[in-house]
Amino acid sequence: MAMDDFVLNPPFNVTRASHVVLTVRDLDASKAFYTDLAGLVVSDEDSDAVYLRGMEENCHHSLVLRKAGNTLCKRIGLRMQTDDDLKKAADYFGARGAETQFVDTPYQGLTLHVRDSQGMPLEFCATMEFRPRLMTAYDQYRGASAQRLDHYQIQSSDVRRAYDFYQPLGFRTSEYTYSKNADGTENLWGVWMQRKGNPHDIVFTNGPGPRLHHFAYTLRDASDMIRACDVAGALGLGQRLERGPGRHGISGAMFVYFRDPDGHRIELFNTHYQHIDIEPPIAWDLADPKRADQWGLPAQEKWFAEATAFEGADIVPPTLSIEPPTLERFLKIKAA
Ligand SMILES: [Fe+2]
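Residues numbered from 1 in each chain as written. Predicted model: local features only at pLDDT ≥ 70, side-chain atom pairs only at ≥ 80, totals over all residues. Heavy atoms only, no water.

1. Re the overall build of the protein
(1) Moving on: Helices and strands together make up the secondary structure of the protein, namely six helices and 18 strands.
(2) Moving on: Taking 336 residues into account, the globule formula puts the C-alpha radius of gyration at 20 Å, and the protein, at 19 Å, falls close to it.
(3) Moving on: Dimensions along the principal axes, computed over C-alpha positions, put the protein at roughly 55 × 55 × 40 Å.
(4) Moving on: When the 336 residues of the protein are sorted by exposure, 55% land in the buried category.
(5) Moving on: Look at the contacts in the protein between residues 6 or more apart in sequence, and 71% of them connect residues 24 or more apart. (Helix = DSSP H or I, 4+ residues; strand = E, 2+ residues; numbered from the N terminus. Rg over C-alpha atoms; globule rule 2.2 N^0.38 Å. Buried < 20%, exposed > 50% of the residue type's maximum accessible area, 1.4 Å probe, protein only. Contact = heavy atoms within 4.5 Å.)

2. Let's talk about the environment of Leu-52
(1) Moving on: If you trace the backbone, Leu-52 turns up in strand β3 (residues 49–53).
(2) Moving on: Leu-52 gets classed as buried once you look at its relative accessible area, which sits at 0%.
(3) Moving on: Taking the C-alpha atoms as reference points, Leu-52 and Val-64, twelve residues apart in sequence, are found 6.3 Å from one another.
(4) Moving on: Once residues lying within four places of it in the same chain are set aside, the contact partners of Leu-52 are Tyr-34, Thr-35, Leu-40, Val-41, Val-42, Ser-43, His-60, His-61, Ser-62, Leu-63 and Leu-65.

3. Some words on unusual backbone geometry
(1) Moving on: Of note, the bond from Gly-209 into Pro-210 is cis; its omega dihedral lies within 30 degrees of zero at 10°.
(2) Moving on: Between Gly-244 and the following residue, Pro-245, the backbone shows a cis peptide bond with an omega angle of 0°.
(3) Moving on: By secondary structure assignment, the location of Pro-245 is in strand β14 (residues 241–247).
(4) Moving on: Positive phi outside glycine occurs at Tyr-107, with the angle close to 70°.
(5) Moving on: As for its position among the elements, Tyr-107 is in the loop between β6 (101–103) and β7 (111–115).
(6) Moving on: Its identity is not glycine, yet Ser-145 carries a phi of approximately 50°, on the positive side.
(7) Moving on: Among the structural elements, Ser-145 can be located in the loop between β8 (121–125) and β9 (148–156).
(8) Moving on: Using a relative accessible area of 3% as the deciding quantity, one classes Ser-145 as buried.

4. Section: the coordination of the iron ion
(1) Moving on: Protein-derived ligands of the iron ion are His-151 (NE2), His-214 (NE2) and Glu-267 (OE), with the metal-ligand distances lying across 2.0 to 2.2 Å.
(2) Moving on: Mapping the donors of the iron ion onto the primary sequence gives the spacing H-x62-H-x52-E. Residue His-151 is located in strand β9, and its partner His-214 is located in strand β13 (residues 211–218); the two are separated by 63 residues in the primary sequence. Like His-151, the residue His-214 is buried in the burial classification. (Donors = N, O, S within 2.8 Å, 3.2 Å for Na, K, Ca; no water.)

5. Observations regarding the side chain of Asp-85
(1) Moving on: For Asp-85, the position within the fold is in helix α2 (residues 83–95).
(2) Moving on: For the buried Asp-85, which has no salt bridge, the nearest side chain bearing the opposite charge is Lys-88, at an N-O separation of 4.6 Å.
(3) Moving on: Other than its neighbours up to four places away in sequence, Asp-85 contacts Phe-12, Asn-13 and Met-80. (Lys, Arg positive; Asp, Glu negative; His and termini not counted. Salt bridge = Lys/Arg side-chain N within 4 Å of Asp/Glu carboxyl O.)

6. Details of the domain arrangement of the protein
In many analyses, interface size is given as the accessible surface area lost on bringing the parts together.
(1) Moving on: Domain assignment breaks the protein into domain 1 (14–140) and domain 2 (148–335).
(2) Moving on: Using C-alpha coordinates to define each centre, domain 1 is positioned 21 Å away from domain 2.
(3) Moving on: Taken together, the contact pairs 42 residues of domain 1 with 45 residues of domain 2.
(4) Moving on: Between domain 1 and domain 2, roughly 3600 Å² of surface is buried when both sides are summed, and carbon and sulfur atoms account for 66% of that area.
(5) Moving on: Per-residue buried area on domain 1 facing domain 2 is highest for Phe-33, Leu-37 and Gln-118; these three make up 19% of the total on that side.
(6) Moving on: For the interface between domain 1 and domain 2, the tally reads two salt bridges.
(7) Moving on: A salt bridge links Lys-74 to Glu-311; the shortest N-O distance between them is 3.1 Å.
(8) Moving on: Inspection of the region where domain 1 meets domain 2 yields 19 residue pairs in polar contact (both at pLDDT 80 or more).
(9) Moving on: For the side of domain 1 that touches domain 2, the secondary structure elements donating two or more residues are β1 (14–24), α1 (27–37), β5 (73–80), α2 and β8.
(10) Moving on: Considering every element that reaches the side of domain 1 that touches domain 2, the biggest residue donor is β1, with ten residues. (Domains from an automatic or database assignment. Buried area = accessible area lost by both parts, 1.4 Å probe. Polar contact = N/O pair within 3.5 Å; in protein donor to acceptor, adjacent residues only side chain to side chain.)

Here it is, written out as structure tokens:
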């Protein structure tokens with residue numbers, strides 16, 4: 001399957017995945033999960049919201065929890081280099097018929113709202129208030145000591161359509177997954193795209209969407225990952241460990257996935273690689289079990305089926321009707 005060349009001079013400069021805004025039913029329970037287990041720190045909070053950041057993050061927040069009677073993703077944030085890039089983006093999207101809006105957002109500078117081609121709500125900003133980096137404040141380390149937000153994974157009803165939206169904006173494909181048809185032709189099942197020079201800022205995989213499958217924080221090393229599992233067990237949150245620890249083929253990351261009190265999924269991981277030079281993407285066959293986990297065990301069915309809806313975005317069935325390679329299927333085949 002041929003992929004398009006990288007767009008090296010995009011119309012505006014997105015620099016990285018920045019922050020995610022989730023609604024939660026119980027602010028105290030969610031705050032405890034993300035501080036005690038993930039190890040994020042609170043930058044600010046009020047009766048309606050908690051603003052959190054990773055230990056090495058200088059900017060005010062990478063996770064915002066908003067109290068609500070539902071469990072949605074309100075927006076995913078993408079960082080721009082400058083406010084001028086935000087204005088260029090408003091012009092770019094406006095010229096293509098998208099509704100754009102500059103909004104006032106706490107602790108952020110100029111902020112632009114727009115929906116992508118799937119209806120997913122995006123929030124662009126170039127500045128945030130600063131808070132101290134705490135990466136050497138070892139006395140304050142808790143749980144997994146999550147360091148920084150790295151990427152989002154989105155379930156998409158049409159991965160090719162998502163790719164066609166982000167590729168012209170300079171998002172580069174580091175890796176992709178294809179599924180094969182009976183006649184030998186291939187479909188784009190998933191695509192890993194980046195702006196910041198590692199394997200991914202945003203990932204799209206085939207499924208009912210758009211839905212937020214997970215957001216991911218980097219850890220210092222594997223021992224912090226094991227500590228997260230131990231802390232989860234000690235806090236009585238062991239059942240929230242959904243997958244792993246394991247080793248992805250894609251990106252080479254060591255990972256573990258937890259579900260928060262509302263079912264939002266967080267990945268804690270480390271050890272992926274740089275993707276800065278102009279290099280061809282790595283291609284994976286969906287049928288290759290080492291694609292998802294080098295150590296042999298696929299993910300549970302619910303890992304493929306369950307995800308967080310976006311506020312105001314209709315969920316559409318996927319264009320590719322492909323049974324995912326679940327743990328349940330794997331065990332059934334092994335037992336036969
Ligand atoms: Fe991930």
